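So you can see what is in the structure, the chains are spelled out below.
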Amino acid sequence: QVQLVESGGGLVQAGGSLRLSCAASGRTFSTYSMGWFRQAPGKEREFVAAIGMSWSAGSTYYADSVKGRFTISRDNAKNTVYLQMNSLKPEDTAVYYCAADIFLNSIRSGVPTHWGQGTQVTVSS
């Protein structure tokens, strides 16, 4: 099993950038697909991005709302997945959660087996 800890959230102005990090425990990190979700005030948790295992790291998926602005990546040597967020908008304000599962489709469908505690991202206008 893995434990996930997010970091990198904060307050930025619209149009700015942030990079979120998710540090994972365990020697089997490279066997897991990883993803990011977010939950804004008064809204349901929604899928943001996902990336496959180390040998399929080029397989990435994004919600339509963040395509072209956000980039998910991973560094298996550091057991870390990242979410680079550019051109941030006020509607991106949410708690962002890291997720992991051995099946990429479990993340894309919103039912990963492992969740982080979340990190707050606030975008001011």
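What comes next concerns the included structure. (Residues numbered from 1 in each chain as written. Predicted model: local features only at pLDDT ≥ 70, side-chain atom pairs only at ≥ 80, totals over all residues. Heavy atoms only, no water.)

### Some points on the overall build of the chain
Here comes step 1: Helix and strand counts for the chain stand at 1 helix and 11 strands.
Here comes step 2: For the chain, the sequential pattern of α-helices and β-strands runs β-β-β-β-β-β-β-β-β-α-β-β.
Here comes step 3: Taken against the 2.2 N^0.38 rule, which gives 14 Å for 125 residues, the C-alpha radius of gyration of the chain at 13 Å falls within 12% of a compact globule.
Here comes step 4: Counting over 125 residues, the chain shows a buried share of 43%.
Here comes step 5: By element, 48% of the accessible surface of the chain is carried by carbon and sulfur atoms, the whole surface being about 6,300 Å². (Helix = DSSP H or I, 4+ residues; strand = E, 2+ residues; numbered from the N terminus. Rg over C-alpha atoms; globule rule 2.2 N^0.38 Å. Buried < 20%, exposed > 50% of the residue type's maximum accessible area, 1.4 Å probe, protein only. Areas by Shrake-Rupley, 256 points an atom, 1.4 Å probe, with all protein chains shown as cover.)

### Notes on the environment of Asp101
Here comes step 1: Residue position: Asp101 is located in strand 9 (residues 94-101).
Here comes step 2: You can call Asp101 buried: its relative accessible area is 2%.
Here comes step 3: Along the primary structure Asp101 and Ser33 are separated by 68 residues, whereas in three dimensions their C-alpha atoms are 5.5 Å apart.
Here comes step 4: A distance of 2.8 Å separates the side chain of Asp101 from the backbone nitrogen of Phe103, its partner in a polar contact. (Polar contact = N/O pair within 3.5 Å; in protein donor to acceptor, adjacent residues only side chain to side chain.)

### Notes on the state of the cysteines
Here comes step 1: Scanning the model with the defined rule gives 1 disulfide in all.
Here comes step 2: Residue pairing for Cys22: its cysteine sulfur links by disulfide to Cys98, the two sulfurs lying 2.1 Å apart. Measuring handedness by torsion sign, the sulfur bridge of Cys22 and Cys98 sits at about -85° and is left-handed. Of this pair, Cys22 sits in strand 3 (residues 18-24) while Cys98 sits in strand 9, and the two are 76 residues apart along the sequence.
Here comes step 3: Under the relative-accessibility criterion, Cys22 is labelled buried at 0%. (Disulfide = S-S within 2.5 Å.)

### So, the pattern of salt bridges
Here comes step 1: One pass over the full model with this rule turns up 4 salt bridges.
Here comes step 2: Between Arg38 and Asp92 there is a salt bridge, and its shortest N-O distance comes to 2.9 Å. Residue Arg38 is found in strand 4 (residues 33-39), and its partner Asp92 is found in the loop between strand 8 (80-85) and strand 9; the two are separated by 54 residues along the sequence.
Here comes step 3: Residue class for Asp92 comes out buried when judged on its relative accessible area of 0%.
Here comes step 4: For Arg69, the salt bridge goes to Asp92, with nearest N and O atoms at 2.7 Å. Of this pair, Arg69 sits in the loop between strand 6 (60-62) and strand 7 (70-75) while Asp92 sits in the loop between strand 8 and strand 9, and the two are 23 residues apart along the sequence.
Here comes step 5: For Arg69, a relative accessible area of 11% puts it in the buried group.
Here comes step 6: In this structure, a network of salt bridges that share partners links the residues Arg38, Glu46, Arg69 and Asp92. (Salt bridge = Lys/Arg side-chain N within 4 Å of Asp/Glu carboxyl O.)

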